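Structural characterization, general
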Amino acid sequence: MGYKVVVAGATGNVGREMLNILAEREFPADEVVALASRRSLGTEVSYGDKTLKCKDIEGFDFSGYDIALFAIGSDATKQYAPIAAKAGCVVIDNSSLYRYDPEIPLVVPEVNPEAVDGYTKKNIIANPNCSTAQMVVALKPLHDRAKIKRVVVSTYQSVSGSGKEGIDELWDQTKGLYVPGQEKEPKKFTKQIAFNVIPHIDVFMEDGSTKEEWKMVAETKKIVDPSIKVTATCVRVPVFVGHSESLNIEFEEFLDEDEARDILREAPGILVVDKREDGGYVTPVECVGDYATFISRIRQDSTIENGLNLWCVSDNLRKGAALNAVQIAETLGKRCLKKG
Ligand SMILES: NC(=O)c1ccc[n+]([C@@H]2O[C@H](COP(=O)([O-])OP(=O)(O)OC[C@H]3O[C@@H](n4cnc5c(N)ncnc54)[C@H](OP(=O)(O)O)[C@@H]3O)[C@@H](O)[C@H]2O)c1
């Protein structure tokens, strides 16, 4: 006997990837239901070689379902996640709504799989922000060896991180720059995104940082270690899929770059591509559709005592969202909700 699974937000970027990944990884599901808003009632979405027709989340009866993968944004999650959880269905949520709730586990299965066990308090598990997920996969094995003191991270985040509208805006604006009469003003983003970069993701905080930057700090502390100091600059770039990050890491003790490379090669979820030659590193277009977090450009930072620099790239719709959510479901199945 397998699981009865709900995918909420099945018409979205993340929801579609969740369906793909459930099928690709042969998640042991007896039934998969696709939900979205009323706007999408009857819309067809693919699940492996099957086609599912979307149902309206409003009024959906979650009782009898084991796991619900949510990717519908914070406002709708606030409305529907408690209903699903109350009906006995474990919600694995992609929005930021529950990530900082001390009674809700925030999980990256390569890093803190045991935290899944804490789902029982609210029947909800949170998935981290896309930039955090790939970063902590890289940090954890290094932290286990040499204890990280501080991380300076700059992100280069793709437009798919801001949903379907983000992808459309980059596409339409790029076309509009070449076709007279089709120019497109910024709508989803605060400035032109085509052929530009924007150092602003999510709202501004009182201290001048943005909420996206704050999320990377708070989530790294919750998932890996509260003692790690993180300072982040998050930047939107005109890339469709795949987030990149430049990481500068300061350790308590010396960690040689060759040893770091070996540790990362052995670490779960990581692929090291680091050839120190033209093209011997990974860029976002190459990571699309992949499960791995790719690490390149590993090198000593000689300006501090115990420092390393590296380049980290991953598919934000996969490791940054849908894959991580499915991995949480798999971990939950193995540790807590055994079936069959
Ligand atoms: N994209 C990423 O890299 C990423 C990474 C981590 C987390 N997330 C989070 O994942 C969530 C979804 O992101 P996305 O990129 O997939 O967005 P998206 O492509 O814009 O899709 C949004 C989905 O939410 C559904 N939805 C919106 N309002 C709804 C409502 N009131 N009731 C029911 N369904 C509703 C939409 O259904 P309709 O088609 O019917 O409108 C659609 O299926 C967000 O919380 C986002 O912050 C995204």
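Procedures and definitions
Residues numbered from 1 in each chain as written. Predicted model: local features only at pLDDT ≥ 70, side-chain atom pairs only at ≥ 80, totals over all residues. Heavy atoms only, no water. UniProt positions renumbered as here; feature names shortened; annotations may be inferred. Pairing = 2+ DSSP bridges. Helix = DSSP H or I, 4+ residues; strand = E, 2+ residues; numbered from the N terminus. Contact = heavy atoms within 4.5 Å. Axes fitted to C-alpha atoms, helices over the stretch in contact; angles between N-to-C directions. Near = heavy atom within 4 Å. Polar contact = N/O pair within 3.5 Å; in protein donor to acceptor, adjacent residues only side chain to side chain. Areas by Shrake-Rupley, 256 points an atom, 1.4 Å probe, with all protein chains shown as cover. Salt bridge = Lys/Arg side-chain N within 4 Å of Asp/Glu carboxyl O. Buried < 20%, exposed > 50% of the residue type's maximum accessible area, 1.4 Å probe, protein only. Phe/Tyr/Trp six-rings, centres within 6.5 Å; stacked < 30°, edge-to-face > 60°. Lys NZ or Arg CZ within 6 Å of the ring centre and 35° of its normal. Right-handed = clockwise from strand over helix to strand, strands pointing away.

Under the annotation held in an unreviewed UniProt entry, the chain carries the name Aspartate-semialdehyde dehydrogenase and is attributed to Thioclava kandeliae. The Sequence similarities (unreviewed entry) field of the UniProt record for the chain holds the comment "Belongs to the aspartate-semialdehyde dehydrogenase family."

1. A word on the sheet that holds strand β5 (residues 55–56)
Strands in a sheet are paired, the pairing made by backbone hydrogen bonds, and the direction either parallel or antiparallel. Pairing is parallel across the open sheet formed by six strands, whose spatial order is β5-β2-β1-β6-β7-β8. What marks the edges here is a single partner per strand, and that holds for β5 and β8 (124–126). Examined bridge by bridge, strand β7 (residues 90–93) and β8 share three bridges and lie parallel to one another. Residue pairing across strands places V91 opposite I124, the latter belonging to β8. Sheet strands in contact with helix α8 (residues 318–335) are β1 (3–8), β6 (67–70), β7 and β8, and its direction is about 160 degrees off that of β6.

2. Considerations on the site of the ligand
Taken together, 26 residues are adjacent to the ligand, and T11, V14, S37, R39 and S40 come closest. At 2.9 Å from an oxygen atom of the ligand is found a main-chain nitrogen or oxygen belonging to N13. Between an oxygen atom of the ligand and a main-chain N or O atom of A71, the distance comes to 3.4 Å. Calculation on the ligand without its partners gives an accessible area of 890 Å², and the protein chains cover 81% of this total. Broken down by secondary-structure element, the contributors of at least two residues to the shell around the ligand are α1 (13–24), α2 (73–86), α4 (163–176) and α8.

3. Concerning the pattern of salt bridges
For the structure shown, the criterion picks out 25 salt bridges. Across the pair R318 and E17 runs a salt bridge, and its minimum N-O distance is 3.0 Å. Of this pair, R318 sits in helix α8 while E17 is found in helix α1, placing the two residues 301 residues apart along the sequence. Of the residues examined, E17 reaches a relative accessible area of 15% and is grouped as buried. One network of salt bridges, in which partners are shared, links E17, E24 and R318.

4. With respect to the packing of aromatic side chains
For the coordinates displayed, the defined rule picks out eight aromatic pairs. Between Y100 and W214 the ring centres are 4.7 Å apart and the planes differ by 65 degrees, which places this aromatic pair in the edge-to-face class. Of the two residues, Y100 is situated in the loop between β7 and β8 and W214 in helix α5 (residues 211–223); the sequence distance between them amounts to 114 residues. Residue classification places W214 among the partly exposed residues on the basis of a relative accessible area of 32%. A ring pair is formed by W171 and F240, whose centres lie 6.3 Å apart and whose planes are at 50 degrees; its orientation type is tilted. Of this pair, W171 sits in helix α4 while F240 sits in the loop between β10 (229–236) and β11 (243–251); the two residues are 69 residues apart in sequence, bridging distant segments of the chain. Overall, the relative accessible area of 34% leaves F240 in the partly exposed class. The rings of F60, F62, Y65 and F70 are connected pair by pair, giving a single aromatic cluster. Its guanidinium or amino end placed over the ring of Y65, K4 lies 4.8 Å from that ring's centre, counting from NZ or CZ.

5. Considering the UniProt feature "binding site: phosphate" (unreviewed entry) in the chain
Under the UniProt annotation, "binding site: phosphate" (unreviewed entry) lies at R99. Within the secondary structure, R99 is located in the loop between β7 and β8. You can call R99 buried: its relative accessible area is 4%. At 2.9 Å, the side chain of R99 forms a polar contact with the backbone oxygen of N127.

6. With respect to the sheet that holds β10
Spatial strand order, β10-β9-β11-β14-β13-β12: six strands in an open sheet with mixed pairing. Single-partner strands in this sheet number two, and they are β10 and β12 (270–272). Ignoring strand direction, the axes of neighbouring strands in this sheet form an average angle of 20 degrees. The strands touched by helix α3 (residues 130–146) within the sheet are β9 (148–157), β10, β11, β12, β13 (293–300) and β14 (307–314), with β11 carrying the most contacts at an inclination of about 25 degrees. Helix-sheet contacts for helix α6 (residues 257–266) involve β12, β13 and β14, and the interaxial angle to β13 is about 170 degrees.

7. Structural notes on the pairing of β1
The buried count for β1 comes to five of six residues, which makes it a mostly enclosed element. Where β1 meets strand β2 (residues 29–36), six bridges bridge the pair, whose relative direction is parallel. Bridge pairing in β2 places V6 opposite V33. Following the chain from β1 across α1 to the adjacent parallel β2, one finds a crossover that is right-handed. As paired strands, β1 and β6 are joined by four bridges and run parallel to one another. Along β6, the bridge assignment pairs V5 with I67.

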